[in-house]
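Observations on the three-dimensional arrangement
Listed below are the residues making up each chain.
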Amino acid sequence: RTRAQPQPPRRRPEYVPNRIDDPNYVRIFDTTLRDGEQSPGATMTSAEKLVVARQLARLGVDVIEAGFPASSPDDLDAVRSIAIEVGNPPPGDDGGAHVPVICGLSRCNRRDIDAAWEAVRHARRPRIHTFIATSEIHMQHKLRKTPDQVVAVAREMVAYARSLGCADVEFSPEDAGRSNREFLYHILEEVIKAGATTLNIPDTVGYTLPYEFGKLISDIKENTPGIENAIISTHCQNDLGLATANTLAGAHAGARQLEVTINGIGERAGNASLEEVVMAIKCRGELLDGLYTGINSQHITLTSKMVQEHSGLHVQPHKAIVGANAFAHESGIHQDGMLKYKGTYEIISPDDIGLARANEFGIVLGKLSGRHAVRSKLVELGYEISDKEFEDFFKRYKEVAEKKKRVTDEDIEALLSDEIFQP
Ligand code: KIV
């Protein structure tokens, strides 16, 4: 099988904070508006965040991490507006079945948790996400706390968040990728007892390798008492370019929530990108034990463009899934293959991500293009010329193509208007 096969629509399981209805369903937690916004230069206004949040809801994400309310009064307002509007959708085509969870980040202290709750409590499904570092390097140099003190704070703050009336509390041991395993099992067990419903495992500095991160998730699943009552989540940064691979390894090992951002934006080298993770699951789901998400992938292209516009962070042309070249073909061999059967060089149909290409086969003419593609372009433009004329034309085409990055329709028209082709 070379192209993603259309999958029969599957029911999005009913949302219950600490229950997994369908063990194969993977929740998509989008943190574009929180971790993504932490990218240098990506700050968005409240109005922009609201526009992006509406689009994330259309895309079908399960959780929108809308911001870090304690970081500024503006961010608190932005998260609150998102909770009020996007977190309370009117019944739509789906009868209002899909209501995204609206989440706010907080450190493990009362002031942050109060701010997060004040912002998200207006949503139908509010969540507080609280975190504290658990690696030796962070506890010693940043927090200046002993491991026992860290456990005590985590336990107390998760219980505090629950005591406010928040039924859905996520806990993250920051820098889990570099934390001691036994200590992780211990702190996770304690926060589960205190009421955490999702346990997010961040590879905060993008340090782990895919097999290593997968093993971390399966070890946590096996060794943490009470873990069966919670959802395990991944949060992979991209410092070594491994965020998507690590996220998929985590899903394969048992994580059922994946934290991602549109276009992979985020701190430093960014986060796992939503479009890569979702399309990998859609395309290769059978190798991932039949996992699936509730994302409507046809909204991917539009969402990516909106985030580029509002964050000011533009993706490189060769960015997987959403880059300008991701569905473009220039070499003669590839163009010939595409013209014969699209599955030769495309594993995903552009329709699947809502991409309307300028031409059906995604062919971009350049110096590597061959006769088949150039001839097809002539037909597309409405020209019929004899084989002999075509050979002359093709020679001249190659001369022009050598000097240009791309050969446009106008170049073709100009070549055809040369004397030699005039009656
Ligand atoms: O990278 C990280 O560790 C985080 C946590 C707050 C989840 O962003």
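Residues numbered from 1 in each chain as written. Predicted model: local features only at pLDDT ≥ 70, side-chain atom pairs only at ≥ 80, totals over all residues.

- As annotated in an unreviewed UniProt entry, the protein carries the name 2-isopropylmalate synthase and comes from Zea mays.
- You can read under Catalytic activity (unreviewed entry) in the UniProt record for the protein the words "3-methyl-2-oxobutanoate + acetyl-CoA + H2O = (2S)-2-isopropylmalate + CoA + H(+)".
- For the protein, the Sequence similarities (unreviewed entry) comment in UniProt is given as "Belongs to the alpha-IPM synthase/homocitrate synthase family. LeuA type 1 subfamily." (UniProt positions renumbered as here; feature names shortened; annotations may be inferred.)

1. Some thoughts on the packing of helix 2 (residues 73-85) against helix 3 (residues 110-120)
- Helix 3 packs onto helix 2 with a crossing angle of 35 degrees between their chain directions and a minimal axis gap of 7 Å. Residues Leu-76, Val-79, Arg-80 and Ala-83 of helix 2 lie in contact with helix 3, whose contacting residues are Ala-115, Glu-118, Ala-119 and Val-120.
- The class makeup of the residues in the contact of helix 2 with helix 3 is six nonpolar, no polar and two charged. (Axes fitted to C-alpha atoms, helices over the stretch in contact; angles between N-to-C directions. Helix = DSSP H or I, 4+ residues; strand = E, 2+ residues; numbered from the N terminus. Contact = placed C-beta atoms within 7 Å. Nonpolar A, V, L, I, M, F, W, Y, C, P; charged D, E, K, R; others polar.)

2. Comments concerning the environment of Glu-360
- For Glu-360, the position within the fold is in the loop between helix 11 (332-340) and helix 12 (371-380).
- Separated by 248 residues in sequence, Glu-360 and Asp-112 place their C-alpha atoms 51 Å apart.

3. Describing the site of the ligand
- The environment of the ligand is made up of Asp-35, Phe-131, Ser-172, Glu-174, Asn-200, Pro-202, Thr-204, His-235 and Gln-237.
- Listing elements by their share of the shell around the ligand, those giving two or more residues are strand 5 (169-174) and strand 6 (198-203).
- Across the shell around the ligand, the residue classes break down as two nonpolar, five polar and two charged. (Near = placed C-beta within 6 Å.)

4. Digging into the sheet that holds strand 7 (residues 231-236)
- With respect to topology, eight strands assemble into a closed barrel ordered 1-2-3-4-5-6-7-8, the strand pairing being parallel. Each strand axis lies, on average, 25 degrees off the axis of its neighbour in the sheet, ignoring direction.
- Direction of pairing for strand 4 (residues 126-133) relative to strand 5: parallel, over a ladder of six bridges. Note on strand 5: the bridge partner recorded for Thr-130 is Phe-171. (Pairing = 2+ DSSP bridges.)

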